[in-house]
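As a plain string of letters, each chain reads:
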Amino acid sequence: MAIQKPDTMFKNIDHKPPRKDWMDVPADIKPGRYCYAAGPEPLEYVGMPNPRKWDPLDKDWKLPENWENTIITGMKERLEKYRSFKIFMDICVRCGACADKCHYFIGSGDPKNMPVLRAELLRSIYRGELTTAGQILGRFAGGRKLTEEVLKEIWYYYYQCSECRRCSIFCPYGIDQAEITIIGRELLNLIGLNIGWIAQPVANCYRTGNHLGIQPHAFKDMLEFFCDDIEEIYGIKPEPTFNKVGADILFVTPSGDVFADPGTYTCMGYLILFHYLKEEYGLDITWSTYASEGGNFGLFTSHEMMKRLNAKMYMEAKRLGVKWILGGECGHMWRVIHQYMDTMNGPADFLEMPISPITGTRFENASSTKMVHIVEFTADLIKNGKLNLNKSRNANVRATYHDSCNPARGMGFFDEPRYVLNNVIDTFHEMPQGTTKEQTFCCGGGSGLNAGENEEIRMMGGLPRANAVKFVHDKHDVNMLSCICAIDRATLTAMVDYWVPGVQVCGVHELVGNALILPGEHERETDLRGETLPGKEEE
Amino acid sequence: MPYLNIKGREIELDEEGYLVNEDEWDEEVAQTMLKDLEGIEMDKETLEILRFMRSYYKKFNAFPILNAVCKKLHQPKECVHEKFLDPLLAWKAAGLPRPGTMYTESHDDEHKVYKLITAQ
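Residues numbered from 1 in each chain as written. Chains lettered and ligands numbered in written order. Predicted model: local features only at pLDDT ≥ 70, side-chain atom pairs only at ≥ 80, totals over all residues. Heavy atoms only, no water.

With that settled, consider the overall build of chain B. Broken down by element type, chain B carries 5 helices and 4 strands. In chain B, the succession of helices and strands from N to C terminus is β-β-α-α-α-α-α-β-β. Computed over C-alpha atoms, the radius of gyration of chain B comes to 14 Å, within 12% of the 14 Å expected from 2.2 N^0.38 for 120 residues, which places it in the range of a compact globule. For chain B, the proportion of its 120 residues judged to be buried stands at 52%. For chain B, the share of sequence-separated contacts (at least 6 apart) that also reach a separation of at least 24 residues comes to 44%. Carbon and sulfur atoms make up 46% of the accessible area of chain B, which amounts to about 6100 Å² in all. Side chains of chain B carry 16 positive and 24 negative charges; the gap between the two charge centres is 8 Å. (Helix = DSSP H or I, 4+ residues; strand = E, 2+ residues; numbered from the N terminus. Rg over C-alpha atoms; globule rule 2.2 N^0.38 Å. Buried < 20%, exposed > 50% of the residue type's maximum accessible area, 1.4 Å probe, protein only. Contact = heavy atoms within 4.5 Å. Areas by Shrake-Rupley, 256 points an atom, 1.4 Å probe, with all protein chains shown as cover. Lys, Arg positive; Asp, Glu negative; His and termini not counted. Charge placed at Lys NZ, Arg CZ, Asp CG, Glu CD.)

Structural data, given as structure tokens:
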């Protein structure tokens with residue numbers, strides 16, 4: 001699909017409110033802003049309701065009989081089960097503090113992308129169908145009935161929220177729109193309303209262990225290809241182990257990084273680091289061809305699906321008898337691990353308290369999950385002088401850092417990546433205040449919205465982040481946007497091509513791998529991307 | 001359903017132009033897809049890439065890493081981009097099914113560089 005040129009899109013952002021009341025403006029489902037519906041196959045595979053072929057542009061969405069009752073009953077159950085949902089439905093005073101904090105609203109100007117109104121789409125149903133005031137007073141009490149038109153509106157806008165939680169930090173009550181969207185999508189899934197870009201990875205993950213549907217022998221083949229590449233660059237070939245019983249640590253990372261650039265270079269960074277740790281300190285880290293996915297698109301489907309897909313991490317750790325788990329650079333994966341895993345699929349009492357066998361550091365923050373973030377692990381190694389790094393290999397890199405939403409707002413993970421970056425590169429510039437750390441802007445494609453067909457809304461949603469990148473690109477000649485999330489690596493690449501050409505995207509461990517001096521390496525000529533290393537151009 | 005018509009032989013395609021039955025693939029099918037639909041001439045290297053993708057898919061049931069294709073065939077590093085522009089066109093011309101968890105994206109109308117994007 002042809003997309004508007006950046007300057008046209010920028011000029012066309014219209015923040016003028018419509019003349020009618022929001023309840024009187026039905027959703028106009030526009031190509032470029034919605035994702036295709038899931039076909040029946042992935043839903044059948046995991047036993048999700050109402051599998052069928054349907055098209056959001058059709059009048060008939062082929063809803064199951066009694067769908068209104070399914071949604072209302074489902075909402076009632078969740079209001080009782082999730083205290084947060086009940087509070088978020090009740091306490092909003094519509095102050096509007098969140099209104100202009102959403103990247104999709106800033107970039108699209110669509111009022112229903114204001115978090116307050118997005119929540120109101122569902123809240124109005126709660127009021128109209130489940131509260132006495134709403135049942136009697138209707139619109140005067142902010143209530144409305146659940147109709148097919150209303151349902152379509154909820155589907156359209158709940159798949160234009162990336163669950164980034166930026167709005168929640170500006171809300172004086174702490175209302176978390178991500179939690180409302182999570183419940184909203186869960187309700188929609190009860191009657192088979194979803195998107196293919198989420199449902200297919202979910203089914204793949206359940207079948208093969210990862211979103212891309214990579215089978216064990218292919219997973220191994222792909223990693224071995226990277227080892228061949230590393231051998232060409234370093235003269236040394238890492239020999240990763242797979243599914244090794246009795247290894248020290250199990251490593252789990254998003255599958256996108258074993259397949260598509262630039263995540264592949266991050267993956268090479270992991271392999272280089274693990275080889276170094278094996279050679280220097282005898283640390284045995286193994287990869288799993290079963291728990292071959294860190295990401296979890298179940299989070300974007302339902303709590304139950306998230307739990308089912310997440311279960312393999314602990315199961316595999318138990319089967320292999322490792323001490324603890326190390327997790328790769330991913331965004332939403334860490335929301336699932338940090339906020340849900342130990343209560344959902346734990347307690348992992350068969351694992352040990354994570355202690356770095358190299359530095360002796362106890363990762364107290366991971367004492368319940370038994371899973372440590374690789375950036376934290378690497379930062380600790382650097383702090384204790386355990387890595388032999390040569391920054392000059394990254395001398396061409398003038399980087400900034402994009403705080404990925406989930407590790408930033410979900411974990412308070414701000415300093416570790418910056419510490420690692422400052423130890424592997426010379427030139428680092430922060431993007432402006434208000435766009436980083438807890439106030440970071442989404443890449444525009446989080447929560448399973450990094451599909452192709454909704455490119456327009458992704459680019460609109462990417463605008464605030466792009467503006468901040470453009471600022472450091474223009475002012476400091478920044479040429480690299482580093483991040484610690486696989487969806488970011490995919491989505492930001494397209495986003496900077498569109499809004500800020502001339503900037504590339506990388507994972508933090510690509511830069512770590514490139515700077516690391518492997519024992520016995522030959523004289524290096526290129527970086528991990530095959531580009532000539534700084535200082536080697538003349539030779 | 002659209003069809004490819006090759007000397008009276010009708011080959012069924014899906015809505016996005018992928019072969020419905022991958023066993024109907026042969027060089028002629030690939031040539032027609034590339035030349036008639038995209039204006040791309042088939043040469044020895046192009047055919048090598050298509051054959052590699054088919055054999056990789058048969059063995060691994062997966063799309064190979066693009067750099068690995070070029071390296072294993074001893075072709076230039078960007079061989080798939082050079083020959084097909086869009087890597088998914090190579091997959092399509094190799095007669096393989098539409099991959100559900102990846103797409104390619106390009107923003108520059110004049111100098112198209114398709115980037116492969118996957119679900120993560």
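Structure shown, so let's carry the discussion forward.
The subject of this paragraph is the sheet that holds strand β6 (residues 398-401) of chain A. Residues and elements named next belong to chain A. The 4 strands are arranged β7-β6-β8-β9 in an open sheet whose pairing can be described as parallel. Each end of this open sheet is capped by a strand with a single partner; those strands are β7 (427-428) and β9 (504-507). The sheet contact formed by β6 and β7 spans 2 bridges and is parallel. Paired with R398 across the strands is T427, a residue of β7. (Pairing = 2+ DSSP bridges.)

As a further point, take the interface of chain A and chain B. Counting residues at the interface gives 43 residues for chain A and 27 residues for chain B. When chain A packs against chain B, the two sides together hide about 2900 Å² of surface, and 57% of this comes from carbon and sulfur. Linking chain A with chain B are 4 salt bridges. A salt bridge links B:K71 to A:D229, with the nearest nitrogen and oxygen atoms 2.0 Å apart. Remark: the boundary between chain A and chain B carries 11 residue pairs in polar contact (both at pLDDT 80 or more). Elements with a contribution of two residues or more to the side of chain A that touches chain B: α10 (196-208), α11 (216-234), α18 (455-476) and α19 (486-499) of chain A. For the side of chain A that touches chain B, the element with the most residues is α11(A), which contributes 8 residues. Classifying every residue of the side of chain A that touches chain B by side-chain character gives 20 nonpolar, 11 polar and 12 charged. (Buried area = accessible area lost by both parts, 1.4 Å probe. Salt bridge = Lys/Arg side-chain N within 4 Å of Asp/Glu carboxyl O. Polar contact = N/O pair within 3.5 Å; in protein donor to acceptor, adjacent residues only side chain to side chain. Nonpolar A, V, L, I, M, F, W, Y, C, P; charged D, E, K, R; others polar.)

A word on α18(A). Of all the bends in α18(A), the greatest reaches close to 50 degrees and is centred on A:L463; the proline A:P464 follows between one and four positions later. Burial of α18(A) is extensive: 16 of the 22 residues sit out of reach of the surface. (Bend = angle between axes of the 7 residues up to and from the residue.)

Before going further, it helps to examine the packing of aromatic side chains. Using the criterion set out here, one finds 26 aromatic pairs over all chains in the structure. Ring centres 5.0 Å apart and planes at 50 degrees place the aromatic pair A:W54 and A:W61 in the tilted group. A:W61 carries the same exposure label as A:W54, and that label is buried. Positioned above the aromatic ring of A:F441 is the side chain of A:R166, whose terminal nitrogen or guanidinium carbon lies 3.7 Å from the ring centre. Stacked on the ring of B:Y18, the Lys or Arg B:K92 has its end atom at 5.1 Å from the ring centre. (Phe/Tyr/Trp six-rings, centres within 6.5 Å; stacked < 30°, edge-to-face > 60°. Lys NZ or Arg CZ within 6 Å of the ring centre and 35° of its normal.)

Moving on to unusual backbone geometry. The peptide bond linking A:D261 to A:P262 adopts the cis configuration, its omega dihedral lying at 0 degrees. Inspection of the secondary structure puts A:P262 in the loop between β2 (249-252) and α12 (263-281). Even without being glycine, B:K7 reaches a positive phi, approximately 45 degrees. Looking at the secondary structure, you find B:K7 in the loop between β1 (3-6) and β2 (9-12).

The subject of this paragraph is the side chain of A:T491. Residue and element names in this part refer to chain A. Of note, T491 is situated in helix α19. We classify T491 as buried; its relative accessible area is 2%. What T491 contacts, discounting residues up to four positions off in sequence, is C443, G444, G445, N450 and R458.

Before going further, it helps to examine the pattern of salt bridges. Residue and element names in this part refer to chain A. Scanning all chains against the criterion turns up 41 salt bridges over all chains. The salt bridge involving D176 is made with R165; its shortest N-O contact spans 2.9 Å. Here the residue D176 occupies a position in the loop between α8 (148-158) and α9 (177-190), and R165 occupies one in the loop between α8 and α9, the gap between them amounting to 11 residues. In this structure D176 comes out as buried when scored by relative accessible area, which is 4%. By relative accessible area, which is 15% here, R165 ends up buried. Overlapping salt bridges, with partners in common, bring together R94, E120, R123 and R127 in one network.

Here the focus is the state of the cysteines. Per the stated rule, a full pass over the model turns up 1 disulfide over all chains. Here B:C70 pairs with B:C79 through a disulfide, and the sulfurs are 2.3 Å apart. Where B:C70 bonds to B:C79 through sulfur, the torsion about that S-S bond is close to -90 degrees, and the disulfide is left-handed. With relative accessibility at 2%, the residue B:C70 sits in the buried group. As a non-bridged cysteine, A:C205 has A:C330 as the owner of its nearest cysteine sulfur, 11 Å distant. Cysteine A:C405 shares no disulfide, and the gap to the nearest cysteine sulfur, in A:C442, comes to 4.6 Å. A relative accessible area of 11% places A:C405 in the buried class. (Disulfide = S-S within 2.5 Å.)

The next point concerns the pairing of strand β4 (residues 324-327) of chain A. All names here are of chain A. Covered by surrounding structure in β4 are W324 and L326 together with I325 and G327, the residues of both alternating faces. Two elements, β2 and β4, share 4 bridges in a ladder whose sense is parallel. Of the residues in β4, the one forming a bridge with I249 is W324.

Before going further, it helps to spend a moment on the sheet that holds strand β3 (residues 285-287) of chain A. Neighbouring strands of a sheet are bound in pairs by backbone hydrogen bonds; such pairs are parallel or else antiparallel. Residues and elements named next belong to chain A. Strand order in this open sheet of 5 strands is β1-β3-β2-β4-β5, and the pairing throughout is parallel. Each edge of the sheet is formed by a strand with only one pairing partner; in this case those strands are β1 (241-242) and β5 (371-373). In the sheet, β4 pairs with β5 via 3 bridges, with the strands oriented parallel. Bridge assignment links L326 to a residue of β5, and that residue is V372. Each of β2, β3, β4 and β5 touches helix α13 (residues 303-320); the most contacted strand, β2, lies at about 150 degrees to it. The sheet strands contacting helix α14 (residues 332-344) are β2, β4 and β5, and the helix crosses β5 at an angle near 140 degrees. (Axes fitted to C-alpha atoms, helices over the stretch in contact; angles between N-to-C directions.)

This part takes up the packing of α8(A) against α9(A). Residue and element names in this part refer to chain A. Look at α8 against α9: their axes get within 10 Å of each other, and the N-to-C directions meet at 130 degrees. The angle between α8 and α9 falls in the class oblique. The element α8 and its partner α9 pack so that their crossing is left-handed. Residues L151, I154, W155 and Y158 of α8 form the contact with α9, whose participating residues are Q177, I180, T181, G184, R185 and L188. Each residue belonging to the contact of α8 with α9 can be placed in one class, and the counts come to 6 nonpolar, 3 polar and 1 charged. (Parallel < 35°, antiparallel > 145°, perpendicular 65-115°, else oblique. Left-handed = near helix turned anticlockwise from the far one by under 90°.)

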